[in-house]
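Descriptive structure summary
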Amino acid sequence: MQATRLAIPDVILLEPRVFGDDRGFFMETFNHRDFEAATGLHPDFVQDNHSRSQRGVLRGLHYQIRQPQGKLVRVVGGEIFDVAVDLRRRSPTFGRWLGCVLSADNKRQMWIPEGFAHGFLVLSESADVLYKATDYYAPAHERCLAWNDPSVGIEWPLEGIQPLLSAKDQGGLPLADCDTFD
């Protein structure tokens, strides 16, 4: 597994080894020992999630102010633009974002640690997104950062389309009004 620390160093792009031939491919999607060796991290994953969305769906930017979740995100069908926003006030990258294309074809995974908001935009006809989480879903502690907050300035690859948002995501707050982490 190759691990690359991104512009926000706590967010890591992971590229697993893929063994392919004319029959198809095989890859290990997670191995705790290899993940630890590649990243220096020791996550304790307690929940696996799977979402399917159509083109133009924008999910996020979600986080839990208590019971924060680290997430290991991958795509098994289609393609997304995956985004993390640093919400740790004491971090030198507070309020900054980064995004990566994750797809079934490139097989990349993105580690998003606790203290970040997470969201994605579906670029393909549909996308199946799987992610492992380090804590359980806690709706009472869930928060939503506005996907289009100009103070964060995420450059979503919308190409002139209006994103499809849930009611919850339409009500996301600007960073200045969000609960954040110490």
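Residues numbered from 1 in each chain as written. Predicted model: local features only at pLDDT ≥ 70, side-chain atom pairs only at ≥ 80, totals over all residues. Heavy atoms only, no water.

- The protein chain goes by dTDP-4-dehydrorhamnose 3,5-epimerase in an unreviewed UniProt entry, where it is assigned to Thauera humireducens.
- The UniProt entry for the protein chain carries this comment under Catalytic activity (unreviewed entry): "dTDP-4-dehydro-6-deoxy-alpha-D-glucose = dTDP-4-dehydro-beta-L-rhamnose".
- A UniProt comment under Pathway (unreviewed entry) is attached to the protein chain, and it reads "Carbohydrate biosynthesis; dTDP-L-rhamnose biosynthesis." (UniProt positions renumbered as here; feature names shortened; annotations may be inferred.)

**Points about the sheet that holds strand β8 (residues 79-86)**
- Reading across from one edge, β9-β8-β11-β6-β13 is the order of the five strands in this open sheet, with antiparallel pairing throughout. In the strand order of this sheet, the two ends are held by β9 (97-103) and β13 (142-144), each with one partner. The average undirected angle you get between the axes of adjacent strands in this sheet is 25 degrees. (Pairing = 2+ DSSP bridges. Helix = DSSP H or I, 4+ residues; strand = E, 2+ residues; numbered from the N terminus. Axes fitted to C-alpha atoms, helices over the stretch in contact; angles between N-to-C directions.)

**Remarks on the pattern of salt bridges**
- Counting across every chain of the model gives 10 salt bridges.
- R88 is the salt-bridge partner of D10, the closest N and O atoms lying 2.6 Å from each other. Here the residue D10 occupies a position in the loop between β1 (2-5) and β2 (12-15), and R88 occupies one in the loop between β8 and β9, the gap between them amounting to 78 residues.
- Given the relative accessible area of 33%, D10 is considered partly exposed.
- R88 gets classed as buried once you look at its relative accessible area, which sits at 19%.
- For R52, the salt bridge is made with D128, and the minimal N-O distance between the two is 3.0 Å. With a gap of 76 residues between them, R52 in strand β5 (residues 47-54) and D128 in strand β12 (residues 126-133) connect regions that are remote in the sequence. (Salt bridge = Lys/Arg side-chain N within 4 Å of Asp/Glu carboxyl O. Buried < 20%, exposed > 50% of the residue type's maximum accessible area, 1.4 Å probe, protein only.)

**Things to note about the nonpolar core**
- With 20 residues, the main nonpolar core has L6, V11, I80, L102, M110 and V129 as its most contacted residues.
- Looking at this core, the elements that each hand over two or more residues are β7 (71-77), β8, β9, β10 (109-112), β11 (116-122) and β12.
- Not counting residues up to four positions away in its chain, the partners in contact with M110 are L6, V11, I12, K71, L72, V73, D82, V83, L98, C100 and L102.
- Judged by nonpolar contacts, the second largest core, of 19 residues, contains V83, L87, L158 and F181. (Core = buried A, V, L, I, M, F, W, Y, C linked by side-chain atoms within 4.5 Å. Contact = heavy atoms within 4.5 Å.)

**Quick look at the packing of aromatic side chains**
- Evaluation of the coordinates by the stated rule reveals eight aromatic pairs.
- Pairwise contacts between aromatic rings join F30, F35, F45 and W111 into one cluster. (Phe/Tyr/Trp six-rings, centres within 6.5 Å; stacked < 30°, edge-to-face > 60°.)

**A few points about the pairing of β8**
- β8 sits mainly inside the fold: seven of its eight residues count as buried.
- Across seven bridges, β8 lies against β9 in antiparallel orientation. Of the residues in β9, the one forming a bridge with E79 is S103.
- In the sheet, β8 pairs with β11 via seven bridges, with the strands oriented antiparallel.

**Description of the environment of D34**
- Here D34 is to be found in helix α1 (residues 32-39).
- In sequence terms D34 and M1 are 33 residues apart; their C-alpha atoms lie 6.9 Å from each other.

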